[in-house]
Amino acid sequence: MDKNLMKKYAEFIVKVGVNVGPGQTLIIQSPVEAAFFARACAEAAFSAGAADVVVKYSDEQLTRVRMEKASEETLCDVKPHVLRSYLDYVESEGGACVLNIHADDPEALAGLDAGKLNRVSLARRAALEPWRKYTMNDLIQWCVVAIPSSAWATVVFPGMEPQAAVEKLWQLIFEVCRIDADSDPVAVWKEHTARMSENRDKLNALDLESIHMTSAGGTDLVVGLADTHTWEGAASVAGNGIPFIPNIPTEEVFTAPHRLHVDGVVKGTKPYVYNGQLIEGFSVTFKDGKVVAHSAEKNDELLAQLLESDEGAAHIGEIALVPASSPINRSGVLFYNTLFDENAACHIAFGAGYPGTVRNGINLSKDELLALGVNDSAIHEDVMVGSADMTITGLCKDGRTVTIFENGEWAL
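Basis of the calculations
Counting starts from 1 at the beginning of each chain's written sequence and moves along it residue by residue. A pLDDT threshold of at least 70 governs which residues receive local features in this predicted model, and a stricter bar of 80 or more applies before side-chain atom pairs are shown or counted, although totals over entire chains, interfaces and linings include all residues. Side-chain metrics rest on all non-hydrogen atoms present in the structure, leaving aside hydrogens and water. Numbered from the N terminus, helices here are DSSP runs of H or I no shorter than four residues, and strands are runs of E no shorter than two. The globule rule used here is 2.2 Å times the number of residues to the 0.38 power, and the radius of gyration it is set against is calculated over C-alpha atoms. Summary of the burial criterion: residues with accessible area below 20% of their type's maximum are buried, those above 50% are exposed, and those between are partly exposed, where the area comes from a 1.4 Å probe applied to protein chains only. Two residues qualify as a contact provided that any one of their heavy atoms is within 4.5 Å of a heavy atom in the partner residue. Each accessible area value is a Shrake-Rupley result obtained with a 1.4 Å probe; residue values ignore everything except the protein chains displayed when judging cover. The charged-residue count follows a simple rule in which Lys and Arg add positive charge and Asp and Glu add negative charge, with His and chain termini not counted at all. A charge is said to be at NZ when it belongs to Lys, at CZ for Arg, at CG for Asp and at CD for Glu. Here a strand pair is declared whenever DSSP counts at least two bridges between the two strands. Only the contacting stretch of a helix is used when fitting its axis, a line to C-alpha atoms as for every element, and angles between N-to-C directions run 0 to 180 degrees. Nonpolar core, defined: a set of buried Ala, Val, Leu, Ile, Met, Phe, Trp, Tyr and Cys residues in which side-chain atoms within 4.5 Å join the residues together. Note that patches include only residues with greater than 30% relative accessible area and no salt bridge, and the join distances are 9 Å for like charges and 5 Å for nonpolar side chains (Val, Leu, Ile, Met, Phe, Trp, Tyr). Salt bridge criterion: a side-chain nitrogen from Lys or Arg within 4 Å of a carboxyl oxygen from Asp or Glu. Each cavity reported here is a set of points on a 1 Å grid over the protein atoms alone in which a 1.4 Å probe fits but cannot get out, each pocket an open set with protein on both sides within 12 Å along at least five of seven lines, and each lining residue one with an atom within 4 Å of a point. Grid points are joined across faces, edges and corners, and a volume is the space filled by probe spheres set on the points. Here the aromatic set is Phe, Tyr and Trp, taking the six-membered ring for Trp, and pairing holds for ring centres within 6.5 Å; pairs whose planes are under 30 degrees apart are stacked, those over 60 apart are edge-to-face, and all others are tilted. Lysine and arginine charges are scored as sitting over a ring when NZ or CZ, respectively, is within 6 Å of the ring centre and within 35 degrees of the ring normal. Handedness of a crossover is defined as follows: with both strands directed away from the viewer, a clockwise route from the first strand across the helix to the second makes it right-handed.

Caption draft 1: Inspection of the overall build of the protein chain at higher detail. Check the secondary structure of the protein chain and you find 14 helices and 20 strands. Scaling as 2.2 N^0.38, a compact globule of 412 residues should have a C-alpha radius of gyration of about 22 Å, and the protein chain matches this with 20 Å. The dimensions of the protein chain, computed from C-alpha atoms along their principal axes, are 55 × 50 × 50 Å. Among the 412 residues that make up the protein chain, the fraction classed as buried is 55%. Taking contacts inside the protein chain between residues at least 6 apart in sequence as the whole, the part at least 24 apart equals 75%. Taken as a whole, the protein chain presents about 17000 Å² of accessible surface, with 50% of it coming from carbon and sulfur. With 34 positive and 57 negative side-chain charges, the protein chain shows a separation of 2 Å between the mean positions of the two kinds.

Caption draft 2: Here's a closer look at the sheet that holds strand E4 (residues 142-146). An order of E2-E1-E3-E4 is seen for the four strands of this open sheet, with the pairing classed as parallel. Of all the strands in the sheet, the pair left with one neighbour each is strand E2 (52-58) and E4. In this sheet, neighbouring strand axes are inclined to one another by 15° on average, regardless of whether the strands run parallel or antiparallel. Direction of pairing for strand E1 (residues 25-31) relative to E2: parallel, over a ladder of seven bridges. When the bridges of E2 are listed, Thr25 appears paired with Asp52. The strands that helix H1 (residues 3-18) touches are E1, strand E3 (96-102) and E4; relative to E4, the one it contacts most, it runs at about 155°.

Caption draft 3: Structural context of the nonpolar core. Within the largest apolar cluster, 69 residues are counted, with the highest numbers of intra-cluster contacts made by Tyr9, Phe37, Leu99, Trp131 and Phe340. Among residues more than four places away in sequence, those in contact with Phe340 are Ala146, Trp152, Ile173, Val176, Cys177, Pro249, Ile328 and Phe335. By size, the runner-up hydrophobic cluster in this structure holds 43 residues, among which are Leu122, Leu221, Val262 and Ile392.

Caption draft 4: Representation of a nonpolar patch on the surface. There is a patch of nonpolar side chains on the surface, built from Val32, Val55 and Tyr57 and spanning about 230 Å² of accessible area. Tracing the backbone shows Val55 in strand E2. Given a relative accessible area of 30%, Val55 falls into the partly exposed group.

Caption draft 5: Broad picture of the layout of surface pockets. There is about 290 Å³ of room inside the second largest pocket. In terms of lining residues, the second largest pocket is bounded by 18 residues, among which Asn137, Pro355, Lys366, Leu369 and Asp376 are the most central. Secondary-structure elements contributing two or more residues to the lining of the second largest pocket are helix H7 (129-136) and helix H14 (366-372). Here the element with the most residues in the lining of the second largest pocket is H7; it accounts for four residues.

Caption draft 6: Spotlight on the packing of aromatic side chains. Per the stated rule, a full pass over the model turns up 15 aromatic pairs. In this structure an aromatic cluster arises from ring pairing among Tyr9, Phe36, Phe37, Trp170 and Phe174. Above the ring of Tyr86, the side-chain terminus of Lys56 is found at 4.6 Å from the ring centroid. Above the ring of Trp189, the side-chain terminus of Arg178 is found at 5.9 Å from the ring centroid.

Caption draft 7: How the structure looks around the side chain of Thr25. Mapping Thr25 onto the fold places it in strand E1. Ignoring anything within four residues of it in the chain, the contact list for Thr25 reads Asp52, Val54, Tyr89, Gly95, Ala96 and Cys97.

Caption draft 8: Just the pairing of E1, in detail. Among the seven residues that make up E1, six are buried, leaving the element largely enclosed by the rest of the structure. Pairing geometry for E1 and E3, over five bridges, is parallel. Among the inter-strand pairings, Ile27 is bridged to a residue of E3, identified as Val98. With helix H2 (residues 35-47) bridging E1 and its parallel neighbour E2, the resulting β-α-β unit is right-handed.

What is shown is where atoms sit, not what they do.
Right under this line is the structure:
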């Protein structure tokens, strides 16, 4: 791993991705394997004027032990101090922002009781809902990034020695995140986000009622869009007025579907990691916004449990458009990591919608958002459905039909 590029990556993530402001506390959530990178991000945060950096480490091997050995009752009992450990910072003077570092083994929890995993995950999400609102509503700056681990890298590059696989994955992450020795990532990303913003603005100008997605693989899906929906993409602006980039990398322009107006069939085009296990080869049928049939070549039972998580889980809260020419897709590598794979293909998200994808959404109540068609759920799970032959047309509210994607690429 090139230490200079690693440092450049960390500084870009902290100073542009999260965009830590003077006097803020940066909360870093990191696996123990990424401690060296968390330290590099902490250094960058302090140099940017952060008041403090608080690191919360996780250990997926220990998580597996607990999930296997501890009772479901114990695992679902999320103590109040866990929530307070976040809220105490965001509610304090100066406020807080958050960086999530991923280095997950895609099948860290493979073979464990999928039902138990799902119920424990939902219990934790419910307990942390007040904190989750800060990121779902963009009230604070937040950013999700990833670095290699041996477990992850050897899944991406099977047959390679772990050290070589890690090195190759580092190189690939630098490449798709536009980090190299010869250019300024701030300037490169400014140009990239400007292109994404142009497509976002064109979509918003169309005043669409719905979009129709088709592909040779069997997708034929009409997605009605939420009332007063707005397309988003590239950079976001937090409630405190500070711009940030939620995901690095990012290639998507996205909005809120209408939870009751999605009809047709959609086919998965990439495996999806859910609760540490892979769902592959899935097909889902919608009627009046709700999943009425589904199947998967691998872990169909897990897909069923995802869709039965709560009432909103069988509806979608996001539709995102990603061109097949994205660097992640051009790499030809399946990352087995949603952060990267969702930026290789158009995708939908089962579960909650983002309030910011309808006008004035962050100031609306849950009932007001539902009335506009924005879905509500404890989950938000992105699954990839785009392909190089996908066509997307849009129906405008004035009756016009426009081509948005042709052969997997922007056609606006």
